[in-house]
Amino acid sequence: KMKEKRNRRWGLKLLSLLCAFLFWLGVVNVADPIMTVTVEVPVEIENAEILTENNLTYEIASKRTATVSYEVKTTNAHRIRPSDFRAYADMTELWSVSGAIPIKVETLNHAEYLVSSPTSRTSVIKIKTEPLQRKPFEIEVRTAGTLEDGHELGEVTITPKWLYVEGPESLIGGIGSVGVEIDMEGASADLEGTARPQYYDANGNKIQLSERIVSDCEEVTYHVPVLKVKSLTLDFQVSGEAAS
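Residues numbered from 1 in each chain as written. Predicted model: local features only at pLDDT ≥ 70, side-chain atom pairs only at ≥ 80, totals over all residues. Heavy atoms only, no water.

Participant: Which parts of the structure should I look at to understand the overall build of the protein?
Facilitator: The secondary structure content of the protein amounts to 3 helices and 18 strands. Burial analysis of the protein (244 residues in total) assigns 28% to the buried set. Taking the contacts inside the protein whose residues are at least 6 apart along the sequence as the reference set, 76% of them involve residues at least 24 apart. For the protein, the computed accessible surface area is about 16700 Å², with 52% contributed by carbon and sulfur atoms. (Helix = DSSP H or I, 4+ residues; strand = E, 2+ residues; numbered from the N terminus. Buried < 20%, exposed > 50% of the residue type's maximum accessible area, 1.4 Å probe, protein only. Contact = heavy atoms within 4.5 Å. Areas by Shrake-Rupley, 256 points an atom, 1.4 Å probe, with all protein chains shown as cover.)

As structure tokens, this is what we get:
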């Protein structure tokens, strides 16, 4: 009987400790509850060179960020920043039919403060593919302004004479011509310098290149001879007789 009482006493003590622990845990959770937080994280595209190798280019056709959700205790919430997470989509996992790539999330910093692994509420990012085109253009020279009286323009030389642009086929098709503009106003001597290529549509209007188009020429070097002109009076001496 004494042994039974002793065992019962130990059982009551263990039960009391368990209850105390559960009570403490409840107090801690009430005082420092777990909260769910969402942040927007830019989605990085990995292995995009796979498309380039297949003569394709792409543009993102959906939201460029992922909504990342994570759980953290209230007292640690201020420690977490959107930059602590990385969202990425691997081009090798592209679903060609729908143009969608699954989004994955990893924790870069402060993982020890998270209660569970972060997840992306945005499941996929969608892209639109298009043929990649590389096209040459001859660089035209366009002069503006009037030379000083008594001067005229010689043959202009530029380097390079051609450039290449590369980008989505639909955007390259919007380029009609390429040229450099040289201001000749009041010039009386040869001009030398550099100019940035200008791009024009089919109607000759200036256009701004899209960031998706790459050119292999940033500057054109030019040399413009300016020739001095002198007006002379021609004195004709006529000999012989005209036919009847």
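What follows continues from the structure just given.
Participant: Sorry, what's going on with a nonpolar patch on the surface here?
Facilitator: Taken together, the side chains of Leu234, Phe236 and Val238 make up a nonpolar region of the molecular surface, amounting to roughly 430 Å² of accessible area. Within the element layout of this structure, Leu234 appears in the segment after strand 18 (226–228). (Patch = residues over 30% accessible without salt bridge, like charges linked within 9 Å, V, L, I, M, F, W, Y side chains within 5 Å. Salt bridge = Lys/Arg side-chain N within 4 Å of Asp/Glu carboxyl O.)

Participant: What exactly am I supposed to notice about the sheet that holds strand 7 (residues 119–120) here?
Facilitator: Strand pairs in the sheet, formed through backbone hydrogen bonds, run parallel or antiparallel to each other. Pairing within the open sheet is mixed, and its 5 strands lie in the order 6-4-1-3-7. Each edge of the sheet is formed by a strand with only one pairing partner; in this case those strands are strand 6 (104–107) and strand 7. Sheet topology places strand 3 (residues 65–73) next to strand 7; 2 bridges connect them, and they run antiparallel. Residue pairing in the sheet places Ser69 in a bridge with Thr119 of strand 7. (Pairing = 2+ DSSP bridges.)

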